[in-house]
Amino acid sequence: MTLFLLRRCIPILLVLIPGVASAHEGMWLPTLLKSIEGDLRTAGLRITAEDIYSLNQGSIKDAIVLFGGGCTAEVIGEQGLIMTNHHCGFSQIQRHSSVERDLLKDGFWAAGRSDELGNEGLTATFVVRMEDVTDRIVPQLTPGLSEAQLREAVARLSEPIVREAVDGTHHAAVVRPFNYGNSYYIIVTETFRDVRLVGAPPSAIGKFGGDTDNWMWPRHTGDFSLFRIYAGPDNKPADPSPANIPWTPRYVLPIALDGPQEGGFAMIFGFPGSTQRYLTSYAVRHIQEVQDPMRIAMRRASLEVIDQAMRSSDRTRIQYAAKQASISNAYKKWIGELRGIKELGTLAGKVAYEERYIARARAAGKEDLAAVLPQLEAAYGQVAPYAIARDLFVEMVFYGPEVLRFADRFRVLVEDLDKLQASGGAQAEADKQLAAMAAFYKDFDVEVDKRVFKALLPIYREHLGPELQPGVLDEIDKRFRGNMDAWVDDLYARSALVSPEKMEKLLKPFNARSAKALQADPLIRVSRSFFRNFLEEVRPAHATLSDSIEAGMRTYVSGMMELFPEVTYWPDANSTLRLSYGSVEGSEPRDAVVYGTFTTLDGVMDKYIPGDPEFDLPQRLIDLHAAKDYGAYGVDGTMPVCFTSSLHTTGGNSGSPVLNGHGELIGINFDRSWESTMSDIQFDPAKCRNISMDVRYILFIIDKYAGAAHLLEEMRVVKGTHPPRTIPLPIHR
Ligand code: ARG
Ligand code: GLU
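Residues numbered from 1 in each chain as written. Chains lettered and ligands numbered in written order. Predicted model: local features only at pLDDT ≥ 70, side-chain atom pairs only at ≥ 80, totals over all residues. Heavy atoms only, no water.

A. Structural view of the site of ligand 1. All residues in the neighbourhood of ligand 1 are listed as His 87, Lys 207, Gly 210, Asp 211, Asn 214, Trp 215, Ala 325, Asn 329, Ser 654, Phe 670 and Asp 671. One of the side-chain nitrogen or oxygen atoms of Asn 329 is found 2.8 Å away from a nitrogen atom of ligand 1. In the complex, 90% of the free accessible area of ligand 1, which totals 340 Å², lies under the protein chains. Taken together, the residues of the shell around ligand 1 break down into three nonpolar, five polar and three charged. (Near = heavy atom within 4 Å. Polar contact = N/O pair within 3.5 Å; in protein donor to acceptor, adjacent residues only side chain to side chain. Areas by Shrake-Rupley, 256 points an atom, 1.4 Å probe, with all protein chains shown as cover. Nonpolar A, V, L, I, M, F, W, Y, C, P; charged D, E, K, R; others polar.)

B. Structural context of the site of ligand 2. The full set of residues close to ligand 2 is His 87, Trp 215, Thr 649, Thr 650, Gly 651, Gly 652, Asn 653, Ser 654, Phe 670, Asp 671 and Arg 672. Backbone polar atom of Phe 670 to a nitrogen atom of ligand 2: 2.9 Å apart, as the coordinates give it. Side-chain polar atom of Arg 672 to an oxygen atom of ligand 2: 2.5 Å apart, as the coordinates give it. Within the complex, the protein chains bury 91% of what would otherwise be the 290 Å² of accessible surface of ligand 2. Within the shell around ligand 2, the residues separate by chemical class into two nonpolar, seven polar and two charged.

C. Fine view of the packing of helix H25 (residues 619–626) against helix H26 (residues 695–705). Following both chains from N to C, one finds H25 and H26 inclined at 105 degrees, their axes separated by 11 Å at the closest point. Between H25 and H26, the interaxial angle falls into the category roughly perpendicular. On H26, the residues that touch Arg 620, Leu 621 and Leu 624 of H25 are Tyr 697, Phe 700, Ile 701, Lys 704 and Tyr 705. Tallied by class, the residues present in the contact of H25 with H26 amount to six nonpolar, no polar and two charged. (Axes fitted to C-alpha atoms, helices over the stretch in contact; angles between N-to-C directions. Helix = DSSP H or I, 4+ residues; strand = E, 2+ residues; numbered from the N terminus. Parallel < 35°, antiparallel > 145°, perpendicular 65-115°, else oblique. Contact = heavy atoms within 4.5 Å.)

D. Focus on the side chain of Thr 576. Structurally, Thr 576 is set in the loop between helix H23 (522–563) and strand E13 (578–583). A polar atom in the side chain of Thr 576 sits 2.6 Å from the side chain of Asn 574. At 3.1 Å, the side chain of Thr 576 and the side chain of Arg 578 are in polar contact.

E. Expanded view of the pairing of strand E19 (residues 665–672). Of all eight residues making up E19, eight are buried, and the element is well covered by its neighbours. Direction of pairing for strand E18 (residues 657–659) relative to E19: antiparallel, over a ladder of three bridges. Residue Pro 657 lies in a different strand from E19, and its bridge partner there is Ile 668. Taken together, E18 and the strand that follows it, E19, pair antiparallel across an intervening segment of five residues, in which Gly 663 is found at a positive phi of about 80 degrees. (Buried < 20%, exposed > 50% of the residue type's maximum accessible area, 1.4 Å probe, protein only. Pairing = 2+ DSSP bridges.)

F. The arrangement of the state of the cysteines in detail. For the coordinates displayed, the defined rule picks out one disulfide. Residue pairing for Cys 71: its cysteine sulfur links by disulfide to Cys 88, the two sulfurs lying 2.1 Å apart. Disulfide Cys 71-Cys 88: torsion about the S-S bond near -75 degrees, hence left-handed. With a gap of 17 residues between them, Cys 71 in strand E2 (residues 71–75) and Cys 88 in the loop between strand E3 (81–84) and helix H4 (90–95) connect regions that are remote in the sequence. Look at Cys 88 and you get buried, because its relative accessible area is 9%. (Disulfide = S-S within 2.5 Å.)

This is the structure in structure tokens:
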């Protein structure tokens with residue numbers, strides 16, 4: 001039995017007192033629902049744990065999709081139709097867009113199967129089952145292993161478990177640690193590889209409010225898109241092919257036409273990415289005082305450049321849309337998180353908790369448990385400069401000027417050239433890179449990139465200790481008298497990387513001269529220096545120290561469970577399938593500020609700014625609003641748009657289905673309010689609210705706005721009390 005099953009005190013009373021938020025902290029493993037079923041029923045669940053997660057019959061979990069690497073989607077149609085957020089399908093929508101055929105701007109609705117658009121590399125993964133295998137792993141681990149040895153031992157022990165689980169099937173499986181390795185689960189999955197775009201509203205609906213409204217309530221975004229899973233003739237996953245057919249699902253979520261109800265039970269099922277519920281005060285202090293402020297400064301600088309460029313031309317707007325969205329999203333989240341933990345007094349709370357922890361450990365005669373905190377404190381102190389360097393590397397190379405990462409594609413040609421030439425593979429490698437280059441240059445603007453480089457470099461150098469700076473930066477002082485801009489200008493002026501024509505000339509044919517030129521290319525040299533610095537100076541030390549933190553956290557968290565058994569524990573999110581529950585409710589996030597629960601199309605119209613990049617609206621939506629032509633989806637002359645509920649969510653929960661107590665879809669999650677983003681570190685039931693689209697707005701957009709009523713025919717829309725009636729849609733009036 002795993003440790004986080006230990007739960008005693010159930011706060012039932014809270015649910016019964018009116019006016020007290022019925023939020024419940026925690027992201028629960030679906031296999032453990034039986035253990036909290038009583039709690040769930042008290043909160044309003046009207047179906048059974050078995051209806052949610054079953055190995056014997058189709059259950060809700062069979063409708064939950066890990067969409068690509070990081071979002072959630074859900075099955076809503078008999079023919080493999082799935083739904084996720086617009087921002088989750090954003091890069092696919094963007095990739096199918098050009099100035100001539102702008103799906104971002106105009107939206108997209110496939111008229112029939114043959115119009116649906118394939119997406120290379122996009123996958124849809126289902127959890128076949130998960131199982132606690134702690135007993136097959138933990139007892140076999142000899143005490144005193146280093147973290148590296150431990151990982152090796154776990155890998156060795158996992159191998160037969162995985163083999164047993166997948167042999168003779170097309171499934172995959174992994175064994176994953178939970179609670180810092182206090183327990184382990186095997187997760188068996190089925191992954192589909194042919195996932196096509198079916199529908200998306202225009203960005204003016206799907207991203208309405210843009211970054212201004214992102215992470216904010218009240219919200220008025222129609223953040224959804226539709227895809228379809230295709231399978232081989234045997235209904236099993238197959239490589240993308242025109243011969244594939246729409247997949248027949250095991251379970252399809254019914255959609256509740258009544259939508260979310262104020263105060264009603266709500267639950268959310270999805271793949272939350274990561275939370276840090278059990279951090280020590282030392283870690284929180286680092287986040288609060290160093291990490292968040294530094295990363296915020298880096299992103300603010302690059303966003304200033306990119307936002308301005310995107311305003312200046314349609315071409316740059318499309319090129320940088322997806323990149324801008326990913327840079328700005330975490331930027332704004334960190335700002336909210338920083339404010340949230342400060343307001344909650346998370347740091348002081350952790351310090352006080354640690355004192356109580358040590359006192360209890362001493363009282364119980366557990367000196368080893370008491371000793372782990374000073375050990376963690378020391379380790380956090382040691383890791384800090386490396387953690388800073390690592391974050392800066394990520395910000396600079398993965399979110400900064402793109403040339404740095406692009407240059408890394410040529411590493412083999414630069415560093416393994418002798419080997420490549422000996423095997424005659426150099427030209428083949430050069431051709432491969434030439435072929436892959438077009439996709440990069442499609443979204444690349446040299447001037448923007450150069451400006452981002454210039455904006456980030458001073459911040460990067462300011463935060464990075466001199467002993468951890470990439471060697472190549474010495475040039476700035478030695479050859480450019482400290483003038484960073486001049487150094488950057490010189491790099492871009494002399495590098496071939498900045499233009500596809502120059503690269504073509506350089507790589508075709510690939511001969512001794514090309515090799516020399518590549519090696520000498522200034523941006524390749526800079527990129528190599530950044531990577532080498534990170535790989536050689538930063539990562540090894542960071543990894544060793546992180547290992548000792550991981551080991552310390554393992555002890556600390558098991559100590560918490562032992563010393564504070566009256567508390568309910570849930571394992572930090574780790575991109576595995578989880579369920580959170582709470583209710584449909586607003587909040588009072590700040591003094592004199594009250595957040596209502598629902599927004600409507602009237603509010604969308606209130607925000608309308610003609611011609612604005614974030615708040616413009618399509619004429620058709622304006623007309624539907626003017627005519628109050630809401631069909632079966634409106635309520636008393638208004639059209640519901642978004643709602644908040646007290647569900648504990650995080651990144652990765654985007655696109656997750658929000659269900660009522662009967663397991664019917666009432667919304668899809670797409671965000672949290674700004675006052676909630678600290679919930680990755682500390683959840684505040686009074687303030688933390690996730691933001692979802694109301695299903696009625698989704699149906700309205702598909703039916704009334706897009707005229708794509710044929711899609712509704714695949715869905716199961718239900719209405720009224722239980723058992724519900726199935727409504728044949730579209731309802732034509
Ligand atoms: N904040 C949401 C999430 O974390 C939505 C992000 C996409 N929207 C945007 N305006 N960038 O994914
Ligand atoms: N938009 C987020 C996502 O991509 C969900 C919001 C959150 O972090 O809660 O998963």
